[in-house]
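# Secondary and tertiary structure notes
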Amino acid sequence: MRVGIIGTGAISRKHAQAYKNIGYEITVCTNHNAVNGKKFAAETGAEFVPTVEELCRHPRVDYVDVCTFPDVRLQPLKICAETKKHILVQKPIATNLYTARVMVDLAHAADIQLGVVSQHRFDDSIQFLKKAIAGGRLGKIIQADAYVKWYRSAEYYSRPVKGSWATEGGGALINQAIHQIDMLLYLAGPVRQVFGYWQIGAVHKIESEDCLNALLRYASGATGVIQAATALWPGYPERLEIHGSKGTAIISGDKLTTWDVQDDAGEPAPLMSEVASGASDPMAISVLPFERQLLDFGRACQTGKPPLVSGEEGYRALQLVTSIYESCRHNIPVNVPTEI
C-alpha cells in the first residue's frame, strides 16, 4: 500500500515506523510548516507537497493517513470522497458529532473506507479479553471501568491549541481517555446513560478539563466508572477493569495483569507484569498495535470489508464523550443516543 500522510508531528513518526515494519510505503507527505514537512520527507523518502489537496489527489497514494489535530478532518475527507481514496484519521474522529456524522455519510456515499486510529483494540490483552467475554468465561458483565490517571506537563499545554474546545474538542477525556472509551464500548457494549463531574483547568492553564469523573449505565444493565486526568503527577499506567459474575480481568497499560476467574478453562490468559503506557510520556507506547491496525486498514482498502475500527466506531466513541461533556456542563444525567 502507498500512503500519503497529512501532518508530520510526533504521532506521524510512530506511524512511519509502523509502515516501515509492515512494508507499506509513505509516498507523499504534507504539513502547514514546510520546514517540518520537508524534514519528515527526507527521513522517510516521501515526496513533500505543500497542500492537503495535492496530497489527496496524488496518483501515488492509495490511502490518506491524517495525523493532525482533530479539527482537520472534513477537508481531506471531502477530497478523498471525490478522488475515491480511502482515509484513516487519528483519534478522535472529529471535535463534534455533526462533523463526524458528515464524515461517515460522505465515506459511505463515495464507497471509500473511513478508519479511526484506536490501536489498543489490537493489543494482545484486548483481543484475548474480547474472545473470553464472548465465550462467557467472565460470566455476566457487572462492572466495566476505565482509569486514566495521567500527567502532562505545562510544556505539553504551552501551545494555545492544546486543550482547546475548537481545535482539540476538549481535554483529558477526548484526547487521552478516548482509547479507553473505545475499549469499554468494544468489550462491554453500548452505554445508555452517563453522569459526570469535571474540573476545568485544575492544574493546567487550559479552557477544558484536566480531571473528570463519570458514572456509566450500560445497555446490558452493567455499571461503570471512567476517570480521566492529565493533572495527576507523576502519572500512572491506565487501567481497564472488567468484573463479571465469574471473575475479574484487569488490563494495566497494554498488558493483562490480573485474571481471577472461578473454575476457568480455555486458552491460558496472557498475563504479564511489564507494561507500556503513555502515563507521563505520550510516546512511551508500543508500535506493534499500530502495525496491526495499519495492516487491518490496508486489508479493508483491498477487500472492501470494513476495518475493525470504522468511522461508525469512531462516531460511537465520540458520542459517549459528548454525552459525558453535556452532563458535566449541565449537572444532569444524560441519555446516550441509541443510534448513530
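None of the values given here were measured: they were computed from a predicted structure.

Thresholds applied
- Residues numbered from 1 in each chain as written.
- Predicted model: local features only at pLDDT ≥ 70, side-chain atom pairs only at ≥ 80, totals over all residues.
- Heavy atoms only, no water.
- Phe/Tyr/Trp six-rings, centres within 6.5 Å; stacked < 30°, edge-to-face > 60°.
- Helix = DSSP H or I, 4+ residues; strand = E, 2+ residues; numbered from the N terminus.
- Buried < 20%, exposed > 50% of the residue type's maximum accessible area, 1.4 Å probe, protein only.
- Lys NZ or Arg CZ within 6 Å of the ring centre and 35° of its normal.
- Pairing = 2+ DSSP bridges.
- Contact = heavy atoms within 4.5 Å.
- Axes fitted to C-alpha atoms, helices over the stretch in contact; angles between N-to-C directions.
- 1 Å grid on protein atoms, 1.4 Å probe; cavity = no way out; pocket = protein on both sides within 12 Å on 5 of 7 lines; lining within 4 Å.
- Points joined across faces, edges and corners; volume = space filled by probe spheres on them.
- Nonpolar A, V, L, I, M, F, W, Y, C, P; charged D, E, K, R; others polar.
- Parallel < 35°, antiparallel > 145°, perpendicular 65-115°, else oblique.
- Left-handed = near helix turned anticlockwise from the far one by under 90°.

Attention now moves to the packing of aromatic side chains. Applying the stated criterion across every chain, the model contains 9 aromatic pairs. The interplanar angle of 50° and the centroid separation of 5.7 Å between the aromatic rings of Trp198 and Tyr325 together place this pair among those described as tilted. With Trp198 in strand β8 (residues 191-200) and Tyr325 in helix α11 (residues 311-330), the pair connects residues that are 127 residues apart, well separated along the chain. For Trp198, a relative accessible area of 22% translates into the label partly exposed. Each residue in the set Tyr19, Tyr24, Tyr63 and Phe297 is aromatic and connected to the rest through ring pairs, giving one cluster. The aromatic ring of Tyr315 is capped on one face by Arg101, whose charged end is 5.5 Å from the ring centroid.

Turning next to the sheet that holds strand β6 (residues 114-116). Taken together, the 6 strands give an open sheet; going across it, the order is β3-β2-β1-β4-β5-β6, and neighbouring strands pair in parallel fashion. In this open sheet, the two edge strands, each paired with only one partner strand, are β3 (47-48) and β6. Helix α2 (residues 34-44) rests against β1 (2-6), β2 (25-30) and β3 of the sheet, and its axis sits at about 170° to β2. On top of the sheet, helix α4 (residues 74-83) reaches β1, β4 (63-66), β5 (86-89) and β6; it is set at about 160° to β5, its chief contact.

A separate point is the environment of Ala81. Assignment of secondary structure puts Ala81 in helix α4. Non-local contacts of Ala81, meaning those with residues more than four positions away in its chain, are made with Leu106, Ala110 and Ile112.

As a further point, take empty space enclosed by the protein. For the coordinates displayed, the defined rule picks out 2 cavities of 30 Å³ or more. In this structure, the largest cavity spans a volume of roughly 80 Å³. Along the wall of the largest cavity there are 13 residues; nearest its centre are Lys91, Val116, Ser118, Ile178 and Ala317. Breaking the lining of the largest cavity down by element, the ones donating at least two residues are α9 (178-188) and α11. Residues that form the lining of the largest cavity fall into these classes: 7 nonpolar, 3 polar and 3 charged. Each pocket or cavity is described by its volume, and for the second largest cavity that value is around 60 Å³. For the lining of the second largest cavity, the secondary-structure elements that each account for two or more residues are α9 and β11 (239-244). Here the residues of the lining of the second largest cavity are counted per class, giving 4 nonpolar, 3 polar and 4 charged.

So, about the packing of helix α1 (residues 10-22) against α2. As a packed pair, α1 and α2 sit with axes 12 Å apart at the nearest point and diverge in direction by 15°. In terms of their interaxial angle, α1 and α2 are classed as roughly parallel. By crossing handedness, the relation of α1 to α2 is classed as right-handed. Between α1 and α2, the contacting residues are Ser12, Arg13 and Ala16 on the first element and Lys39, Phe40, Glu43 and Thr44 on the second. When its residues are assigned to classes, the contact of α1 with α2 shows 2 nonpolar, 2 polar and 3 charged.

A separate point is the pairing of strand β12 (residues 247-252). Within β12, 6 of the 6 residues are buried, leaving the element largely enclosed by the surrounding structure. On β12, burial covers both faces: Gly247, Ala249 and Ile251 on one face and Thr248, Ile250 and Ser252 on the other are all buried. Pairing of β11 with β12, which is carried by 6 bridges, proceeds in the antiparallel orientation. Note that in β12 the partner of His243 across the bridge is Thr248. Following β11, the chain reverses through 2 residues before pairing antiparallel with β12. Examined bridge by bridge, β12 and strand β13 (residues 255-261) share 6 bridges and lie antiparallel to one another. By the bridge assignment for β13, Ser252 is matched with Lys255.

Within a sheet, adjacent strands bond to each other through the backbone by hydrogen bonds, running parallel or antiparallel. Read from one edge of the open sheet, 8 strands run β13-β12-β11-β7-β10-β9-β8-β14, paired in mixed fashion. What marks the edges here is a single partner per strand, and that holds for β13 and β14 (334-335). Direction of pairing for strand β7 (residues 141-149) relative to β11: antiparallel, over a ladder of 6 bridges. Each residue of the ladder has a partner; that of Tyr147, found in β11, is Arg239. In the packing of α9 onto the sheet, the strands contacted are β7, β8, β9 (209-218), β10 (223-229) and β11, and the crossing angle to β7 comes to about 170°.

Any link to function would need more than the numbers given here.
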